[in-house]
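Chains, contacts and geometry: an overview
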Amino acid sequence: MTEKLSPPWLQELLDAAEETEQQRVIEFNKIKADQALAAIAVLESKIDDVNHTADVEIRLMEEWNMNEVGKLQKQIAWLAFNLEKYLQTTGEKTLTLAHGKILLRMGRDKVEVVDMERFMTIGQRLGLIRVTPAKTEPDLVAIASYTKLNGKPPAGVMLTPGQPKFSYKTKGIDDVHNKRDNDQQAEAGASARQTDQANAA
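Everything numeric here is computed off the predicted structure, so don't read it as measured data.

Spatially, β1-β2-β7 is the arrangement adopted by the three strands of the open sheet, whose pairing is antiparallel. In this open sheet, the two strands that pair with only one neighbour each are β1 (94-97) and β7 (164-170). Ignoring which end each strand starts from, the neighbouring axes of this sheet average 10 degrees apart. Two elements, β1 and strand β2 (residues 100-106), share four bridges in a ladder whose sense is antiparallel. What sits directly across from T94, in β2, is L103. The strands touched by helix α2 (residues 30-90) within the sheet are β1, β2 and β7, with β2 carrying the most contacts at an inclination of about 65 degrees.

What follows is the structure, encoded as structure tokens:
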């Protein structure tokens, strides 16, 4: 796209506007004032062009970022899925490896009031209701405790048993290298001390 050539008087004003260090004052009359407004309009148009270009670039970078991160997250999910399957075959709950840990923990049971009318009748009697100003609602923490204590939920409540939750913790590549460097320094220090002790003897 070719840039439109400005008339000489407009180009003079635009060039003058760039000389901000000198801050020279232009003597204005009505014609010069009108020309200054025309120069401002051109500069505002250039700002719009710059903003438009930046918006296009930002959108491109955001799309690229989402695509690249999406691909990497899919790979992580696939590897995590396989790690979970592997941990299940070992019978272990935690496995500590050089680059991190893989863990399998039992999730909490989830209680959900599915029949409010049935529950409210018995919930009040069992002290499983929480009263807040202008609001009466089931106390899910109390219901969960009651269910655990009695082995079954009260009427109108559905229990979803907790499921094992898989998680992992990684050590960054830098962490592994730093640990190795620290170990090597410690070994070097120990060797130097042994040499000093041998020489002293």
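The rest of the description comes next.
Relative to strand β5 (residues 135-138), strand β4 (residues 129-132) runs antiparallel, the two sharing four bridges. Along β5, the bridge assignment pairs T132 with K135.

Right, let's get into the side chain of D139. Within the fold, D139 resides in the loop between β5 and α4 (140-150). It turns out D139 is buried and unbridged, and the closest side chain with the opposite charge, R130, is 4.1 Å from it. Setting aside its immediate chain neighbours within four residues, D139 contacts L128, I129 and R130.

Right, let's talk about the pattern of salt bridges for a bit. Overall, the coordinates contain two salt bridges when judged by the stated rule. The closest approach of N and O atoms between K71 and E68, which form a salt bridge, is 3.3 Å. Of this pair, K71 and E68 are both found in helix α2, three residues apart, which corresponds to roughly one turn of the helix. Of the charged contacts in the structure, one is a salt bridge between E137 and R130, with a shortest N-O distance of 2.6 Å.

This part is about α2. Owing to its 3.6 residues per turn, the α-helix brings residues three or four apart onto one side. The end-to-end C-alpha distance of α2, which contains 61 residues, comes to 88 Å, matching closely the 90 Å that a straight helix rising 1.5 Å per residue would cover. One side-chain oxygen of the residue at the start of α2 lies 3.0 Å from the amide nitrogen of I31, identifying that residue as N29. Positive phi appears at G91, one or two residues downstream of α2, with a value of about 80 degrees.

Conventions we followed
- Residues numbered from 1 in each chain as written.
- Predicted model: local features only at pLDDT ≥ 70, side-chain atom pairs only at ≥ 80, totals over all residues.
- Heavy atoms only, no water.
- Pairing = 2+ DSSP bridges.
- Helix = DSSP H or I, 4+ residues; strand = E, 2+ residues; numbered from the N terminus.
- Axes fitted to C-alpha atoms, helices over the stretch in contact; angles between N-to-C directions.
- Contact = heavy atoms within 4.5 Å.
- Buried < 20%, exposed > 50% of the residue type's maximum accessible area, 1.4 Å probe, protein only.
- Lys, Arg positive; Asp, Glu negative; His and termini not counted.
- Salt bridge = Lys/Arg side-chain N within 4 Å of Asp/Glu carboxyl O.
- Expected span 1.5 Å × (residues − 1).
- Polar contact = N/O pair within 3.5 Å; in protein donor to acceptor, adjacent residues only side chain to side chain.

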